[in-house]
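Here's the letter readout for the chains.
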Amino acid sequence: MYNEYQITYTAQNTYEHWVDKAYWQFMVIPWEDNSQKNVQVAFENSMHFPMEFSHNGYGFRTLRCHSVDPFKEITFKAKFSFLKMEDNPFSFVPNASISWEYEQLAQLTHKVDFDQFLKRTNLTHLPSPAASLFTFDGEQSIFDNLLALNGWIFDQIYYTPGATDVHTTLKEVLDMRKGVCQDFTHLFCAIAKDHGVPARYVSGYLNQDGGFFGDTQMHAWAEAHIPGVGWKGFDPTNNILANANHVKVCHGKDYTDCAPLKGILFGQGENTTTHSVSVHSQQ
Amino acid sequence: MENIESQIFSSYQRNPQLLDELHEKDGSIKKVYQTLFELYGQHSIQDYVNLNNKAKASFFNQGITFQVYGDNTVQEKIFPFDLFPRIIDPQEWEVIEKGSLQRSRALNLFLWDIYHDKRILKEGIVPLDLISTSANYLDQMVGVDPPGGIYNHISGTDVIKHTDGQYYVLEDNIRCPSGVSYVICNRTALKRALFGVFNHYKTFTVTDYAENLLELLESTKPKGVDVPTCVVITPGMFNSAFYEHSYLAKTMGVELVEGRDLFVENDFVYMKTIKGPERVDVIYRRVDDLFLDPLEFKADSSLGVPGLFSAYKKGNVTLANAPGTGVADDKAVYTYMPEIIKYYLKEEPILNNVHTYHCSRPKELEYVLENIRTLVIKPVDEAGGYGISIGNKLTDEQVDAVRKEVRQNPRKYVAQPIMSLSVHPTYIDETQSFEQRHVDLRTFTVLGRDKQFVLKGGLTRVALKKGNLIVNSSQGGGSKDTWVLKI
Amino acid sequence: MLARVANNLFWMGRYIERSEHIARYMNVNYFSSLDAPNLASQDRQFVLRSMLFMVGAPETNDEKRVDEESVLYSIGLDPEFPSSILNNVKMARENANSARDLISTELYESINKFYHYVVTYPKEVFVKNGLHDFTVNVTEMSAILRGKIRGTLLHDAVYAIILMGVNIERATQITRMINAKYNDALKAQGSYESKFSKSFEWTTLLKCAESYDMMRRYYKKTPTSISTLEFLILNPNCPRSVMNSLNQVYKHVKIINPERRYNKESTAFLIGRVRAEYEFKYIEEIEQDIKSFIDNILRSLTEISNKVEEEFFEY
C-alpha cells in the first residue's frame, strides 16, 4: 500500500556583498527504491541560473547549479512528489540464533565488507569507550540491543533546537545532554560501531503530522546493519524505528557525507541560509 | 694515469667504509667509469669551475628554478646540478627496471583490490586497520573502475644501493611524483657543457619520456572517445614544481590548465578556450586528491574544479593518477610490499624492501624505543623528507624527544635500520674539488592500458651536505645526469 | 588555446611594448634636452615633468621642484610604482610564466634574462650614471623579444594574440607620447624663437618613436607639428604609426577569428570600424583639435582592448 507524498524544499541565501561566482550542490532528492518510487522533481531558482542533475561521490542524486551573473540573494525551491510504501518496520524474520549474529560481527570478512560504516569519523568519535556509556546484552539479539540503545539515547539527550551545529562533537553533546537530530544520530552510530555493528547516518525528511520531533528542515536518523536481516532504520530523536513517515534522501558515515547543501563562493563577506521543508502525504 | 688523476681528482678522498659508485672495493676505477674518468681528468679544475658556472647560468636563464619563500621575499633557486654523471651498467639497470615495473604493477593491482573486492584484506595478508585508518583511502573510490584499469599511471620509485651492493627501495611515490623534468634538463645541460663525453658512451635517451607518457595516458582514455584531448592540471605558477608542469605540457604538446580553466557540465569536463568550450578527456593532474573537486572534497579549495569527481565517477574523464592512490604509498603499506607483490603477481620481489618496524605493534615499538640510535624514524604520512630522525645523528635530548613523540603516537611512525646510501664523486663548490656524497635514484614508471614504460635513467639525487643522507631538493639536495648504458 | 592563457599572452605583449616605450621616452628626452636649442626644452625640471606626464603620473604642483634621482628611480626601478619599467618587465615575465608551455624556450629564456637584468640593476648606478646604459639595454632587449616572437613562434593564434597586445599597446604608447609632447610643445612655446608648430619637441617626439630618420627621408624637411603628427598617426607605412598598429591589430584578429560573417558585436568589426575612421582622416582635421583626437583614440583603444577581453578571454 502506497501513500502519495509531496515535499517542498526551499533554501533562501542572502549575502553580505555581491557574489561574482558560486556553485551549489543540493542533496535533497528522495532516494528511489522499492519503498519510495516514482520520484518526480521540479526545481527552480530566483536568478534563473542553469541547473543540472548529477551524483555525488557516493552515488546519491544531486542537483547542481552555478551562477551566471553577480547576485546578492538567491532562493532555491524544489518540489518532489513520489509514492511511499506503508510497511511495518517490525515485520522481519529474526535470526534463529543470537550467538550466530555476534559471531558474524567478529568475522574479518564482515569487518572488511562493512569497514566504511565501522570506522570512526570526527563526528562519530566517542570521548570514552562505548561500554562506559551503553553496554550490549549478549543474551539479546542485536536488534533488541539497538532498540534499547535507541531508547537510551532518547532518554539521555534532550532535543533542543539550536543547541548544536554541524561541527559539534559527541563529547560536547554528552556533556550538555542537549542536541538535535544530527547529534542523536551521530551518538547512535558511534555506540553501535563501537560494539561492532555497522551503522550509518541517514539524511531525509520526516512527516511531522504524527507530532514527532525534528525541525522544519531536514531530518536525520540512523541505519544499522544486522547480519542476516540487513539495514534497519532507527530514529533515536523520536525513539522509534524509521517508518512510512521517514523519507530517505541519502546515507553516509556522518553528516559530512550527507550535507544537503554545499556552496562554493568566490566573493567576500558573510552569508546566511534559511532552509524550510514542508511534507504532505495523502492516502 | 697518475698525472691525469692529479689534475682533477687529486684531492678525492675515498672513505673505505662507504660504497663508492666510481670505485671497486679494492680502490680501482670501475670499468664503466674508466673512460669517463680519463676524459674528465683531461680538464683542469679551473675548466671545471667555468663549465659548472656556465651550466648554472643556463639553468637560471631558462628559468629552471624553484621558489623559496622567505619572510617578504621570494627567492629563485636552481636545483643544484652536478656535471659528473652517474653510470648504471646494463645488468644493474635490468634489475632496477624490472623491479620498479614489478612494484608499480603490484601497487596497481593492490589499489584495484582494496577499492573493489578487498581480497587481500579479507585474507588478512594486509591488516584492515592499515586501510581503515588511512586518511588517504577515499571511500568515494569504492567500486569505481578507472579507465584502462589503471590507478597509478605514473610511479616514482626511490631506490638506493646499500653497502652490501644490493639495491633497496626506500619509498614508492604514486600520488604526483615529481622530478622527471630535471632528468631531461640534466641531460641537456650535460650535453651542452661536455658533449664530447657522449662520443665514448652509448647511452639511452631520456627525452622520449614525454611522448611515451602522452601515449600511455591516451591509452587510458574514457570509453567512447576516439582521439582524446589530454591536459596537465597545475595548482599554478606559484607551485614549486610549476616548471615541471609547464615542461611536461609543452613537451607533450597539450594545454597546461588550472582549475579555473575547466568546468563541468552534465558530468563532462570542458576547458575554456578562446573559441569557447572544448571537451577534456584525460587529465594528468598535479593537484592533490583533496583539492581536485571542492564539491566532493575540501570545499575551500580554489585549485580544483567543482563537479570533476562526478565526471570521473561517470567514466567521462580519466584522472592520472587516479584519486585515492595515496593510500598505497603510505609508509606503513610499504612494509607489506613483498607480500603484496607475491600475492598479486605470484613473483618474488626483484628489489629489496628495507626491513621496517611498525611502532603500532607493541613489541616492535619496544625494540624501536630501545634501539633508536641504530634506526631511522619516519612519520608514516609525510613527504619531502620532513620529520625524519636519523638515530646516530641525534643528541641525547633529541633522542628523548623522539622517544616521547613515538610513544605518544605510535601509529604515526615506522622505523628502519639506517641504510648507508652509496656515494658518488660530486663536485663541491665551496672546496672547488670532488668529494664523496650520498646518492639515491628515483625511477619513473608509466602504466597504460596493456602497455608500460620505464624511463631509462632516472633522477640521481645527491645529498650535498657532507654526511647528509637526505637527498630531497627541499632539504638541500642536488642531482646528476644518470646514464643507462646500452649493452 | 585556453582563454586565460590567451589573456596572459596578450598582456605579455603589452607589457613588453610598454616597457620599451617608457625606456626610450626617458632616454630620448633626457639626452636631447642636454643640448636642446631653447632654454625651456633644456630645463631639467621640464624634462622630468614630461616623463612623469607620459607615464600617467604628472606632477600637478607647478611650484614644486621635482627631484631628478627620485623621478628616475620611480619610473625606472621602483617596485612600488606601478608604471615603473621594473614592474612592466616583471608583469611581462609573470604573464609569460603562465603561458610558458605555449611559447618557445628561446622566447622564454630571453624574457627571463630581461627580467633578471632589470631586477638586479643596481639602483645607485641607475640614478647616478646608468640611465643611458639601462634604457638602451631595455629597448634592445625588447627588440630582441620582438625578434624571438616573430622568429621562434608558430604564426598561429598564439602569435596573433601576442601581436594584438603589442600593437594595441604600441598605438596607446605612441598616442601617450604625442599627448605628452603636445603638452610640452605648448609649454615651450613663447620662449625665444620657438613657435608651437616648429617646436624642437616634435623632433624629440619622432626620436622617441624611433621614427626621426625615416620621417626626414619621407618629408625631407625639418619636422613640424603637422608633418610629425601626420607621420606618426596616419602614415600606414611608418611601423610605429597609430594607423599601422591598427592595421596590424586588424590583421591578427582575423587570424584568431577568421569568420567573414557580418557581426557587429565582434572585435574584428570594432577594430575595422576604428581603422576605417583613421584611414580616411586628413591631418588638418586632427590638428584643429589635437586634444579631442588624443582622447578619442585612447578611448577607442581601450574599447578594443575591452572587446578583445570580452570576446576571447572571458568565458
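Please read these numbers as outputs of a predicted model, since none were measured by experiment. Counting of residues starts from 1 at the beginning of each chain's written sequence and follows it residue by residue. Lettering for chains starts from A, numbering for ligands starts from 1, and both go in the order in which the items are written. Given that the model is predicted, a residue must reach a pLDDT of at least 70 before its local features are reported, and side-chain atom pairs must reach 80 or more before they are shown or counted; all residues, however, enter totals for whole chains, interfaces and linings. Excluding hydrogens and water, the side-chain figures rest on all heavy atoms present in the structure.

Numbering of helices and strands runs from the N terminus, with a helix taken as a DSSP run of H or I at least four residues long and a strand as a DSSP run of E at least two residues long. Along its length, chain C carries 15 helices and zero strands. When we talk radius of gyration, it's over C-alpha atoms, and the globule rule is simply 2.2 Å times the number of residues to the 0.38. Taking 2.2 N^0.38 as the reference for a compact globule, 315 residues should give roughly 20 Å; the C-alpha atoms of chain C span a radius of gyration of 19 Å, in line with that estimate. If one aligns the C-alpha atoms of chain C with their principal axes, the spans along those axes are about 55 × 45 × 35 Å. Each residue gets one of three labels from its accessible area relative to the maximum for its type: buried under 20%, exposed over 50%, partly exposed in between, using a 1.4 Å probe on protein chains only. A burial count over chain C gives 57% of its 315 residues as buried. Contact between two residues is taken to exist if any of their heavy atoms lie within 4.5 Å; hydrogens are not considered. Within chain C, contacts between residues at least 6 apart in sequence are counted, and of these 68% link residues at least 24 apart. Each accessible area value is a Shrake-Rupley result obtained with a 1.4 Å probe; residue values ignore everything except the protein chains displayed when judging cover. Surface exposure of chain C reaches about 13800 Å², of which carbon and sulfur atoms provide 49%. In summary, the charge assignment counts Lys and Arg as positive and Asp and Glu as negative, without counting His or the chain termini. Positions of charges follow a simple convention, taking NZ of Lys, CZ of Arg, CG of Asp or CD of Glu. Where the 40 positive side-chain charges of chain C centre and where its 41 negative ones centre are 4 Å apart.

Another point: the nonpolar core. If you look at the biggest cluster of nonpolar residues, it comprises 155 residues, and the most contacted ones within it are F110, I114, I283 and I340 of chain B together with L9 of chain C. Broken down by element, the residue count for this core peaks at 16 residues, all from helix α8 (residues 157-188) of chain C. Setting aside residues no more than four positions away along its own chain, L9 of chain C makes contact with M1, A99, L102, I103, V158, I161 and I162 of chain C. Each nonpolar core is a collection of buried residues, namely Ala, Val, Leu, Ile, Met, Phe, Trp, Tyr and Cys, held together in the definition by side-chain atoms within 4.5 Å. Counting residues in hydrophobic clusters, the runner-up holds 66 residues, among them F9, I154, L194 and V206 of chain B.

Many authors give the size of an interface as the accessible area that is lost as the parts come together. Residues and elements named next belong to chain B. As annotated, the domain borders come from an automatic or database domain assignment. Domain boundaries in chain B define domain 1 (2-88 + 184-203 + 455-484), domain 2 (92-174 + 206-345) and domain 3 (355-417). A straight line from the C-alpha centre of domain 1 to that of domain 2 covers 31 Å. Taken together, the 21 residues of domain 1 in the interface contact 20 residues of domain 2. The term buried area denotes the loss of accessible surface (1.4 Å probe radius) that occurs when two parts are joined, taken as the sum for both partners. Roughly 1700 Å² of surface becomes buried between domain 1 and domain 2 when both sides are summed, with 63% attributable to carbon and sulfur atoms. The term salt bridge refers to a side-chain nitrogen of Lys or Arg lying within 4 Å of a carboxyl oxygen of Asp or Glu. Between domain 1 and domain 2 we count three salt bridges in total. K161 serves as the salt-bridge partner of E21, at 3.3 Å between the closest nitrogen and oxygen.

As a further point, take the arrangement of the chains. In this assembly two pairs of chains touch, with chains B and C having more contacts than any other pair. Nowhere do chain A and chain C come into contact; their C-alpha atoms are at least 10 Å apart.

With that out of the way, let us pick up the interface of chain C and chain B. At the interface, 27 residues of chain C touch 27 residues of chain B. Both faces combined, the contact of chain C with chain B buries some 2300 Å², and carbon together with sulfur accounts for 54% of it. Inspection of the region where chain C meets chain B yields two salt bridges. The term polar contact refers here to a pair of N or O atoms within 3.5 Å; inside protein, the definition further demands a hydrogen-donor-capable atom paired with an acceptor-capable atom, and it admits residues adjacent in sequence only when both atoms are side-chain atoms. For the pair chain C and chain B, the interface holds eleven residue pairs in polar contact (both at pLDDT 80 or more). Sorting the residues of the side of chain C that touches chain B by element identifies α1 (3-33), α5 (85-98), α6 (105-119) and α15 (290-313) of chain C as the ones contributing at least two each. The dominant element in the side of chain C that touches chain B, judged by the number of residues it contributes, is α6 of chain C, at seven residues. Each residue gets one label: Ala, Val, Leu, Ile, Met, Phe, Trp, Tyr, Cys and Pro are nonpolar, Asp, Glu, Lys and Arg are charged, and the others, such as Gly, are polar. Here the side of chain C that touches chain B is composed, by residue class, of 13 nonpolar, six polar and eight charged.

Turning to the pairing of strand β9 (residues 199-206) of chain A, a few remarks are in order. Residue and element names in this part refer to chain A. In terms of burial, β9 is a largely internal element, eight of the eight residues being buried. As judged from the six bridges shared by β9 and strand β13 (residues 246-252), these two strands associate in the antiparallel manner. Looking at β13, one finds that V202 is bridged to H251. Strands are labelled as partners when DSSP assigns at least two bridges between them.

On to the confidence of the model for chain B. A residue's pLDDT is the confidence the predictor assigns to it, expressed on a 0 to 100 scale. Confidence in the prediction of chain B, expressed as mean pLDDT, is 89, and 95% of residues score 70 or more. For residues 1-6 of chain B, every residue scores under 50 in pLDDT, and the model assigns this stretch eight contacts once sequence neighbours within four places are set aside.

In this section: the sheet that holds strand β9 (residues 268-273) of chain B. Residues and elements named next belong to chain B. Taken together, the three strands give an open sheet; going across it, the order is β8-β9-β10, and neighbouring strands pair in antiparallel fashion. The open sheet has two edge strands, β8 (262-265) and β10 (276-280), and neither has a second partner. Each neighbouring strand pair of the sheet contributes to a mean axis angle of 40 degrees, computed without reference to strand direction. Here four bridges tie β8 to β9, and the two strands are oriented antiparallel to one another. Bridge pairing in β9 places F263 opposite Y270. Structural elements are reduced to axes, namely lines fitted to C-alpha atoms, with helices fitted over the stretch in contact, and the angle between N-to-C directions of any two is expressed from 0 to 180 degrees.

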